Amino acid sequence: MPSPHFADRPAPQPPAHDAVDALIDRTRRLRGDVDAVRRDAVVIDEDDPQLRWQRALCELAVHHLDNLDEHLGQLKAGLPTRRAEHGAPETAGTPEDPRSGSLLNRVGSAEWNLLTDEVSWSDELYGIFGRPHGSPPLSLDDMPSVLLADDQPLLTAMVTGCLVDGRPMDGEFRIVRPDGRTRTLHMTGEPVLDAQGCTASMWAVLRDVSELRRSEQAVSSSRASVRREEHIERAEHRMAVELQETVLPPWRGSLRLPQQGPGALDIAAHYLPSTSSGLIGGDWYDAMELPDGRTLLTVGDLTGHGIPATSAMAMMLGALRGMAVAGIEPGALMGHLNQLLESSMQPALGSALCCRFDPDGSILSWAQAGHPAPLLFREGSGRPLPPPDGVLLGASSKVAFEQDEVRLFPGDVLVLHTDGLTRRSDRGAGPEALLALAPRFARARTAQECVRSVVEEFGGAERMDDACVLVARIGA
């Protein structure tokens, strides 16, 4: 340990034992609290960089507190007594690996006498360097031979600055032990001056910080992994949003069809993002006038989030639009979408609703694939339409999707939505909350006013998934 003959200063006095005992007690209580947090942060998902980073930080904090506890114990005990001073025999065996046992074994001291060329090492230092007790300690000239070549200039510069310029030493270097293990040591020291102010010897304290540096590296690596994951998530979210905006219909809010007057459709729609997740799902809505004068109305939802979900949604919506323009009936159209999703390179499940409105007879033909039925509001009350048979898209092959028809009347309001809108624990499952808006829909003069009522009711509430709502109002 450090020589008591520091340059131009008296020998330090040991601190009061009561003060050190209090520090040790506080350190151990804090260590227990941090260890409890570490146990709670046990990594369940090894692929989650955030959890790995939290675990590494806890382990590093525990490691620091263990070191502090041991160093305070040394401070309380005072200078260690060498076995040689008590006449104890030296052992010739190789010391244990400093990674095992007490942390006291990781701190050793040395003194090099420049006048007599004597070198004294503490027992702990033999263990740190992996040298047998009783073997000659390394001189300042021999020390660089056990260092990695890249670190030798650093040690030479520290020793030269201490001996020639009287500067304190403080630095780290790596050594290679006789057993081939590489250890990282932190070295601090000062010159000891004689009466004439010349350097008579040099003392140093060397600490094995290999485990500490490994813990710090694990924290740094985990932090970098978290940042990479966050960067990737932001980039994927941006791409998913851009893809969604490209695929969803170019009109926003309300759609004005060429046909006006009694029996004409007034259409409005809105997309509501999830309030508990930044992920973009595979929800869609669309409405378009077909070449034969009829109108397509559709909403749907694919499982998953992010780019895979939005790209699959783009494929499905593109196919749906093409088949509707070609005149394929809603029931047969659902069968084709089911085959398309089954043959996709990225299999998924989805629900969909496809409606076709014929203004000549005011007839709505529709089919569904595991999707909530349209809600029909008439004269101040609402009800879901009885659904024709249909299963989730991608769930089964070679299934038939039935088709149904319903006659609509002027003033009727038809609401199509994805299940993310009403799938809330505080309201229960189902469309009850939407049906409760019937009086407000009855007072509304446009589809946009109806959509505004839906957004006011559901837009600010907690929602686990994103959702779409499309409202079609029959002109009076």
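Scroll up a little and you will see the structure.
Chemist: Any chance you could explain the overall build of the chain here in plain terms?
Modeler: Each helix and strand in the chain was counted, giving ten helices and 16 strands. Among the 476 residues that make up the chain, the fraction classed as buried is 43%. Across the chain, every contact between residues at least 6 apart in sequence was considered, and the portion connecting residues at least 24 apart equals 65%. Counting only carbon and sulfur atoms, one obtains 53% of the accessible surface of the chain, whose full area is about 23800 Å².

Chemist: Would you mind showing me how to read the nonpolar core here?
Modeler: Grouped together as the largest cluster of nonpolar side chains are 48 residues, with contacts concentrated most on Trp284, Leu297, Leu364 and Leu470. Sorting elements by how many residues they give to this core places helix H6 (residues 306-325) first, with seven residues. Ranked by size, the runner-up nonpolar core spans 24 residues in total, among them Tyr126, Leu140, Leu147 and Phe173.

Chemist: What is the right way to read helix H7 (residues 330-342) from this model?
Modeler: Note on helix geometry: an α-helix contains 3.6 residues per turn, so any two residues three or four positions apart are oriented the same way. Taking 1.5 Å as the rise per residue, H7 with 13 residues should run 18 Å; its terminal C-alpha atoms sit 18 Å apart, in good agreement. All buried positions along H7 are accounted for by Pro330, Gly331, Leu333, Met334, Gly335, Leu337, Asn338 and Leu341. Its buried side turned inward, H7 meets strand E9 (295-302), H6, strand E10 (350-358) and strand E11 (363-369).

Chemist: Just checking my understanding: could you explain unusual backbone geometry for this structure?
Modeler: Backbone geometry follows two general trends: most residues other than glycine have a negative phi, and most peptide bonds adopt the trans configuration. Not every positive phi belongs to a glycine, and Ser362 is a case in point at roughly 55 degrees. Overall, the relative accessible area of 10% leaves Ser362 in the buried class. In this model, Glu379 sits at a positive phi of 55 degrees, which is unusual for a non-glycine residue. Looking at the secondary structure, you find Glu379 in the loop between strand E12 (375-378) and strand E13 (381-384). For Glu379, a relative accessible area of 80% translates into the label exposed.

Chemist: What is the right way to read helix H4 (residues 152-165) from this model?
Modeler: Helix length check: H4, at 14 residues, gives a terminal C-alpha distance of 19 Å against a target of 20 Å (1.5 Å per residue), a fit within 8%. Leu155, Met158, Val159, Gly161 and Cys162 are the residues of H4 that are buried. Down the axis of H4, the sector holding all buried residues measures 160 degrees, keeping them to one side. Turned more than 90 degrees away from the buried face of H4, the exposed residues are Pro153, Val164 and Asp165.

Chemist: Help me understand the packing of H6 against H7 in this model?
Modeler: When two helices pack together, their arrangement is captured by the angle between the axes and the distance separating the axes. Where H6 meets H7, the axes come as close as 10 Å, and the angle between the chain directions of the two elements is 150 degrees. Along this stretch, H6 crosses H7, giving a crossing that reads as right-handed. Contacts from Met315, Met316, Ala319, Leu320, Met323 and Ala324 in H6 reach Leu333, His336, Leu337, Leu340 and Leu341 in H7. Residue composition of the contact of H6 with H7, grouped by class: ten nonpolar, one polar and no charged.

Chemist: When you look at the pattern of salt bridges in this model, what are you seeing that I'm missing?
Modeler: Where charged atoms from two side chains of opposite charge approach closely, those side chains can pair. For the structure shown, the criterion picks out 16 salt bridges. For Asp21, the salt bridge goes to Lys76, with nearest N and O atoms at 2.8 Å. Highlighted residues: Asp21 in helix H1 (residues 17-40) and Lys76 in helix H2 (residues 49-77), separated in sequence by 55 residues. A salt bridge links Arg440 to Glu456, with the nearest nitrogen and oxygen atoms 2.6 Å apart. Taken as a pair, Arg440 in helix H9 (residues 438-443) and Glu456 in helix H10 (residues 447-458) lie far apart in primary sequence, 16 residues in all. Classification of Arg440 by relative accessible area gives partly exposed; the value is 28%. Glu456 gets classed as exposed once you look at its relative accessible area, which sits at 54%. Sharing partners across several salt bridges, the network here consists of Arg183, Asp208, Glu211 and Arg214.

Chemist: Which parts of the structure should I look at to understand the pairing of E9?
Modeler: When a strand is regular, its side chains alternate between the sheet's two faces. With eight of its eight residues buried, E9 lies for the most part within the structure. Side chains Thr295, Leu297, Val299 and Asp301 of E9 all project onto a buried face; the interleaved residues Leu296, Thr298, Gly300 and Leu302 project onto the opposite face, where all are buried too. A loop of five residues connects strand E8 (residues 284-289) with E9, the two strands running antiparallel in sequence, and Gly293 in this loop sits at a positive phi of about 95 degrees. Judged from the eight bridges that link them, E9 and E10 form a sheet pairing that is antiparallel. Along E10, the bridge assignment pairs Thr295 with Phe357.

Chemist: Looking at this structure, I do not really get the packing of aromatic side chains. What am I missing?
Modeler: Here a ring pair, both rings aromatic, is described through the centre-centre distance and the interplanar angle of the planes. The tally for this structure, following the rule as stated, stands at three aromatic pairs. Seen from their ring centres, Trp121 and Phe129 are 4.9 Å apart, and the 35 degrees between their planes marks the pair as tilted. Look at Trp121 and you get buried, because its relative accessible area is 5%. Ring plane angle 80 degrees and centroid distance 4.7 Å describe the contact between Phe377 and Phe441, whose orientation is recorded as edge-to-face. On the criterion of sequence distance, the pair formed by Phe377 in strand E12 and Phe441 in helix H9 is long-range, its members being 64 residues apart.

Chemist: Would you take a moment to explain the sheet that holds E11 for this structure?
Modeler: The strands making up a sheet associate through hydrogen bonds between their backbones, and the pairing can be parallel or antiparallel. If you walk across this open sheet you meet the five strands as E8-E9-E10-E11-E14, and the pairing is antiparallel. The two strands at the open ends of the sheet, each matched to only one other strand, are E8 and strand E14 (404-407). Between one strand axis and the next, the sheet turns by 15 degrees as a mean value, whatever way the strands run.

Chemist: What am I meant to see in the side chain of Ser362 here?
Modeler: With respect to the helices and strands, the residue Ser362 is situated in the loop between E10 and E11. From its side chain, Ser362 meets the backbone oxygen of Leu408 in a polar contact 2.7 Å long. Apart from the residues within four sequence positions on either side, Ser362 is in contact with Phe357, Val406, Arg407, Leu408 and Phe409.

Chemist: I keep staring at empty space enclosed by the protein and nothing clicks. Help me out?
Modeler: Rolled over the atoms, a probe with the dimensions of a water molecule shows which regions are left empty. Counted by the stated rule, this structure contains three cavities of 30 Å³ or more. The volume enclosed by the second largest cavity comes to roughly 60 Å³. Around the second largest cavity, the lining comprises twelve residues; the ones closest to its centre are His63, Asn67, Arg106, Arg207 and Asp208. Of the residues contributing to the lining of the second largest cavity, the split by class is four nonpolar, four polar and four charged.

Conventions and cut-offs
- Residues numbered from 1 in each chain as written.
- Predicted model: local features only at pLDDT ≥ 70, side-chain atom pairs only at ≥ 80, totals over all residues.
- Heavy atoms only, no water.
- Helix = DSSP H or I, 4+ residues; strand = E, 2+ residues; numbered from the N terminus.
- Buried < 20%, exposed > 50% of the residue type's maximum accessible area, 1.4 Å probe, protein only.
- Contact = heavy atoms within 4.5 Å.
- Areas by Shrake-Rupley, 256 points an atom, 1.4 Å probe, with all protein chains shown as cover.
- Core = buried A, V, L, I, M, F, W, Y, C linked by side-chain atoms within 4.5 Å.
- Expected span 1.5 Å × (residues − 1).
- Arc of directions from axis to C-beta.
- Axes fitted to C-alpha atoms, helices over the stretch in contact; angles between N-to-C directions.
- Left-handed = near helix turned anticlockwise from the far one by under 90°.
- Nonpolar A, V, L, I, M, F, W, Y, C, P; charged D, E, K, R; others polar.
- Salt bridge = Lys/Arg side-chain N within 4 Å of Asp/Glu carboxyl O.
- Pairing = 2+ DSSP bridges.
- Phe/Tyr/Trp six-rings, centres within 6.5 Å; stacked < 30°, edge-to-face > 60°.
- Polar contact = N/O pair within 3.5 Å; in protein donor to acceptor, adjacent residues only side chain to side chain.
- 1 Å grid on protein atoms, 1.4 Å probe; cavity = no way out; pocket = protein on both sides within 12 Å on 5 of 7 lines; lining within 4 Å.
- Points joined across faces, edges and corners; volume = space filled by probe spheres on them.

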